[in-house]
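Listed here are the chains, written in short residue letters.
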Amino acid sequence: MKIVIAEHIADSGLEMLQSSGNELVYDPGLWADRGRLEDAVITADALIVRNQTRVDVPLLAKMVKTVAIGRLGVGLDNIDVHEAKRRNIAVISAKNANASSVAEYVIAAIFTFTRPLLVASEDVKAGGWDRKRFGGHEIAGKTLGLIGIGEIGHRTAVRAKALGMKVIGSDPRLSGYDFAAAESGIRLASMEEVLQSSDCVSLHIPLLPDTKGLINKAAIEQMQPHAYLINTSRGGVVDEQALYEALLHRRIAGAMLDVLSVEPPPPDHPLLSLDSCVITPHVAGLTEEANHRTSELIAAELLKELKGIRSLCRVV
């Protein structure tokens, strides 16, 4: 069978696919050449992508032989899942494979705000010795608010509580008897309470029609002036212009964004001009360890689907 890989996959996952005896077409830049991509998928039995490849209706229409799509990650906003289901194409995501990496990113973001050690070091090397400015704050006793409590939210909460933080969260899918609340100690609350009561608000929600722009001007205005916003989910869930205005006028203390509505952002994106906004290039779940786990999981589960075995990681 023919497997097309349109974006980067870790060597360990690639080796699993190579040893399967299937025909491989591996081109990490294929996603950027729509014409070549469409030609490649016409005869493909499976397609593997990350978040750059737009698996939309026109591309799916070309995939007449395809039985499965493997997503090297968990976000599905670049794949038309409903159209794939209509065409009986299985969609597999890397369920939980990068959850620990994203959780650690959130904790690192909190420390970046509360103990700016690199900034302090730069100041010392420039001749400063400002102990008052760089004393920072403890995170023990502070409140972390989670909007969305899936696997990543749960793992983030466990780490935050181990550091002495209080954790509250909002997720309409959960009750107090679900694992995240009953075992992780997350106190469930409304989104309004999470925004109003948290020292840090961390977003862990998919980009869907009802979550697009969820963190808008009204939501941000409910946050405390000293609070920080952390987004490792999808850029589209935040109204970036509203966030820019809030940061510019110091209505909140800062933001750490690993995702943006357009990636990479244009050079004139207003958030790039603010010292209070830290932006990273969509790397929260891209540690070396997570990359290998994700690649190996998708390789193994995709090969199951090609053998007619339903993957436990199948989304549709």
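A few points on the structure. What you are looking at is a predicted structure, and each value in this text was computed from that prediction instead of being measured.

Structural notes on the overall build of the protein chain
Next up, step 1: When you go through the protein chain residue by residue, the secondary structure sums to 12 helices and 12 strands.
Next up, step 2: Its C-alpha atoms give the protein chain a radius of gyration of 21 Å, within 12% of the compact-globule value 20 Å for 316 residues.
Next up, step 3: With respect to the principal axes defined by its C-alpha atoms, the protein chain has extents near 65 × 50 × 35 Å.
Next up, step 4: Split into buried and exposed, the 316 residues of the protein chain put 47% on the buried side.
Next up, step 5: Looking at charge distribution, the protein chain has the averaged site of its 34 positive side-chain charges lying 3 Å from that of its 39 negative ones.

Some details on helix H2 (residues 34-41)
Within an α-helix, residues lying three or four positions from one another point in the same direction, as the helix has 3.6 residues per turn.
Next up, step 1: Among the residues of H2, Leu 37, Ala 40 and Val 41 are the ones counted as buried. Taken around the axis of H2, the buried residues stretch over an arc of 90°, which confines them to a single face.
Next up, step 2: Here the buried face of H2 lies against strand E1 (2-5), strand E3 (46-49) and helix H3 (57-62).

Section: the environment of His 8
Next up, step 1: Within the secondary structure, His 8 sits in the loop between E1 and helix H1 (11-18).
Next up, step 2: The spacing of His 8 and His 292 is 284 residues in sequence and 11 Å in space, taken between C-alpha atoms.
Next up, step 3: For His 8, the contacting residues outside a window of four places in its chain are Tyr 26, Pro 28, Arg 50, Leu 72 and Asn 291.
Next up, step 4: A polar contact of 3.5 Å, which involves the side chain of His 8, links it to the side chain of Tyr 26.

A few points about the sheet that holds strand E6 (residues 143-147)
Next up, step 1: Taken together, seven strands build an open sheet; the order of strands is E8-E7-E6-E9-E10-E11-E12 and the sheet is parallel. The sheet terminates laterally at strand E8 (187-188) and strand E12 (277-279), the two strands that pair on one side only.
Next up, step 2: Sheet topology note: the strand E7 (residues 166-170)/E8 ladder contains two bridges and is parallel. Its bridge partner lying in E8, Ile 168 is registered against Arg 187.
Next up, step 3: On the sheet, helix H7 (residues 151-162) packs against E6 and E7 and is oriented at approximately 175° with respect to E6.
Next up, step 4: Lying over the sheet, helix H11 (residues 240-248) contacts strand E10 (228-231), strand E11 (254-257) and E12, oriented at roughly 140° with respect to E11.

What about the nonpolar core?
Next up, step 1: Ranked by internal contacts, the top residues of the largest apolar core, which has 29 residues, are Ile 147, Leu 203, Leu 229, Leu 243, Leu 247 and Leu 271.
Next up, step 2: Of all the elements in the fold, those that place two or more residues in this core are helix H9 (191-197), strand E9 (200-203), helix H10 (217-221), H11 and E11.
Next up, step 3: Other than its neighbours up to four places away in sequence, Leu 229 contacts Val 201, Leu 203, Ile 215, Met 223, Val 238, Leu 243, Gly 254, Ala 255 and Met 256.

Some thoughts on unusual backbone geometry
Trans is the prevailing form of peptide bonds, just as negative phi is the prevailing case for residues other than glycine.
Next up, step 1: Cis geometry is adopted by the peptide bond preceding Pro 264, which originates at Glu 263 and carries an omega value of -10°.
Next up, step 2: As for its position among the elements, Pro 264 is in the loop between E11 and E12.
Next up, step 3: Phi is positive for Asn 96, which is not a glycine, with a value near 70°.
Next up, step 4: In this fold, Asn 96 is placed in the loop between strand E5 (90-93) and helix H5 (99-114).
Next up, step 5: On the basis of relative accessibility, which here comes to 29%, the residue Asn 96 falls in the partly exposed class.
Next up, step 6: You will see that Arg 250, though not glycine, has its phi angle at about 60°, which is positive.

Thresholds applied
- Residues numbered from 1 in each chain as written.
- Predicted model: local features only at pLDDT ≥ 70, side-chain atom pairs only at ≥ 80, totals over all residues.
- Heavy atoms only, no water.
- Helix = DSSP H or I, 4+ residues; strand = E, 2+ residues; numbered from the N terminus.
- Rg over C-alpha atoms; globule rule 2.2 N^0.38 Å.
- Buried < 20%, exposed > 50% of the residue type's maximum accessible area, 1.4 Å probe, protein only.
- Lys, Arg positive; Asp, Glu negative; His and termini not counted.
- Charge placed at Lys NZ, Arg CZ, Asp CG, Glu CD.
- Arc of directions from axis to C-beta.
- Contact = heavy atoms within 4.5 Å.
- Polar contact = N/O pair within 3.5 Å; in protein donor to acceptor, adjacent residues only side chain to side chain.
- Pairing = 2+ DSSP bridges.
- Axes fitted to C-alpha atoms, helices over the stretch in contact; angles between N-to-C directions.
- Core = buried A, V, L, I, M, F, W, Y, C linked by side-chain atoms within 4.5 Å.

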